[in-house]
Amino acid sequence: MPLSLAVLTASLSDRAGGLAATVPASINAVKRFGVKAHVFGLRDAGTNYAARPLDGADVHAIPSWPTPGLRLAPALDRELRKVQADVLHLHGLWLYPSIAALRWRARSGRPVMISPHGMLDGWALNNSAWKKRLALMLFEQRNLSGAACLHALADNERMAIRALGVSAPVAVIPNGVDIPAVGGRRSKPAFLKGEERRVLLFLGRIHPKKGLAETLQAWALVLSGAPQIERDWVLVIAGWDDGGHVEPLKRLAKDLGVDGSVCFGGPIFGDEKVDLLCTAEAFILASHSEGLPMAVLEAWAHACPVFMTRACNLPEGFAADAAIEISTHPPGMAKVLLQHLARSDLPYLGLAGKALVADRFSWDRVGRDFAAVYYWLAQRGDRPDCVQITVG
């Protein structure tokens, strides 16, 4: 019989950041292994059913009260009760879906799997730390401790889970990515029409943890040390503004005197996002904290070389010569950019990234691992190799 899966996430819109891509894609990936999904998320202004590429899943967008922070949604409990799922998979922490998962587990006695998506690493815990300490005390520690299995995107995240004292089994499964079809001409996004310089791209959620202020400071040092880079390159910052950070970044670029070599593209989705990735000749993510960034995988899928920090949790990229390591320290970052932006072999790093994601991060492989974990949790299969049960 097909396995019934309840998937629970805080948002069904593009405001969910990387989860907006990974949650639907993972649901589609497990369908081929006999998993039938019911998807539950909180409705917000950006919720758009047509934009959610879910293949055959039942989607439930739940209204929430306009309370700051927690987003109370008592209707979520009622809707979950209507579905007799074998396993519940919770994506993300700190919000009302965690409370709903706790109640579902207590009521049904069935297993819950939790994907923190990087929300338990040190930088993330220290961001709004008092709120997270309060949430841990009130509900999140019980939620994590009672889970039948946790999901880590990489081994560093597994260690962060253990550091919090959680002893449940942990499945280490990376994000996946679709490899774009070969062929076909793409045009530049409208906001880059007439721009002839090569594009160094940041694409993602605009948030301090992404190291964008530090990137701008490093960019100013790069341009002061190598005027030809200002002639040849433009830094493009595109993505959704999470909390009003774009305007301060624009002011910083102006204050640094680099606003002529920095372009802010705003939120980018769909075909325009593909056009932008095809236009870029290098990608940068100076992140302080990540689970496993979809943006890097998407850049590699489009054969784009990547500058990134170790905090991106993709050491495979450095080992495969698909990425160049940077720090969040502006002078150090600038030194690396000065050294490598002039390299003639940058395109080869992008090709190495494309080969890496095809081998290690395909949705077929990721979907097979997720499905195996679900069947194991439902006592309908053996424990898969991706699940680690030892603490440490």
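The preceding data block contains the structure.
Everything numeric here is computed off the predicted structure, so don't read it as measured data. (Residues numbered from 1 in each chain as written. Predicted model: local features only at pLDDT ≥ 70, side-chain atom pairs only at ≥ 80, totals over all residues. Heavy atoms only, no water.)

Visitor: Account for the environment of Pro-111, naming residues and giving values.
Guide: Checked against the element boundaries, Pro-111 lands in the loop between α3 (96-108) and β5 (112-115). Owing to a relative accessible area of 17%, Pro-111 belongs among the buried residues under this scheme. For the pair formed by Pro-111 and Gly-265, sequence separation is 154 residues and the distance between their alpha carbons is 43 Å. Beyond its immediate stretch of four places on either side in the chain, Pro-111 contacts Asp-86, Val-87, Leu-88, Trp-104, Ala-148 and Leu-377. (Helix = DSSP H or I, 4+ residues; strand = E, 2+ residues; numbered from the N terminus. Buried < 20%, exposed > 50% of the residue type's maximum accessible area, 1.4 Å probe, protein only. Contact = heavy atoms within 4.5 Å.)

Visitor: Outline the environment of Leu-150, listing residues and values.
Guide: With respect to the secondary-structure elements, Leu-150 resides in strand β6 (residues 149-152). Along the primary structure Leu-150 and Met-333 are separated by 183 residues, whereas in three dimensions their C-alpha atoms are 34 Å apart. Look past the residues within four positions of Leu-150 in its chain and what remains in contact with it is Ile-114, Pro-116, Leu-144, Ile-161, Val-166, Ala-168, Pro-169, Val-170 and Ala-171.

Visitor: Give me the sheet that holds strand β2 (residues 35-42): which residues, what numbers.
Guide: Spatially, β3-β2-β1-β4-β5-β6-β7-β14 is the arrangement adopted by the eight strands of the open sheet, whose pairing is mixed. A strand with exactly one partner marks an edge of an open sheet, and here the two such strands are β3 (58-62) and β14 (387-388). Bridging between β6 and strand β7 (residues 170-172) involves three bridges; their strand directions are parallel. Looking at the pairing, Leu-150 lines up with Val-170 of β7. (Pairing = 2+ DSSP bridges.)

Visitor: If you had to explain the sheet that holds strand β11 (residues 282-285) to someone new, which residues and values would you point to?
Guide: Within a beta sheet, neighbouring strands are joined by backbone hydrogen bonds and run either parallel or antiparallel to one another. Spatial ordering of the open sheet is given by β10-β9-β8-β11-β12-β13, a layout of six strands whose pairing is parallel. Every interior strand has two partners, whereas the edge strands, β10 (262-266) and β13 (323-325), have only one. Neighbouring strand axes in the sheet, compared pairwise and without regard to direction, differ in orientation by 25° on average. Taken together, the three bridges between β11 and strand β12 (residues 306-308) define a ladder with parallel strand orientation. Bridge pairing in β12 places Leu-285 opposite Met-308. Across the face of the sheet, helix α10 (residues 270-279) comes into contact with β8 (198-203) and β9 (233-238) while running at roughly 130° to β8. Against the sheet, helix α11 (residues 294-301) contacts β8, β11, β12 and β13, and its axis sits at roughly 160° relative to β12. (Axes fitted to C-alpha atoms, helices over the stretch in contact; angles between N-to-C directions.)

Visitor: So what's going on with empty space enclosed by the protein? Residues and values would help.
Guide: With the rule as written, the count across this model stands at two cavities of 30 Å³ or more. Along the walls of the second largest cavity sit Thr-22, Val-23, Ser-26, His-91, His-117, His-151, Leu-153, Ile-173, Pro-174, Asn-175, Trp-363 and Phe-370, which together make up its complete lining. For the lining of the second largest cavity, the secondary-structure elements that each account for two or more residues are α1 (19-31) and α15 (363-377). Take the lining of the second largest cavity: its biggest share by element is three residues, from α1. (1 Å grid on protein atoms, 1.4 Å probe; cavity = no way out; pocket = protein on both sides within 12 Å on 5 of 7 lines; lining within 4 Å. Points joined across faces, edges and corners; volume = space filled by probe spheres on them.)

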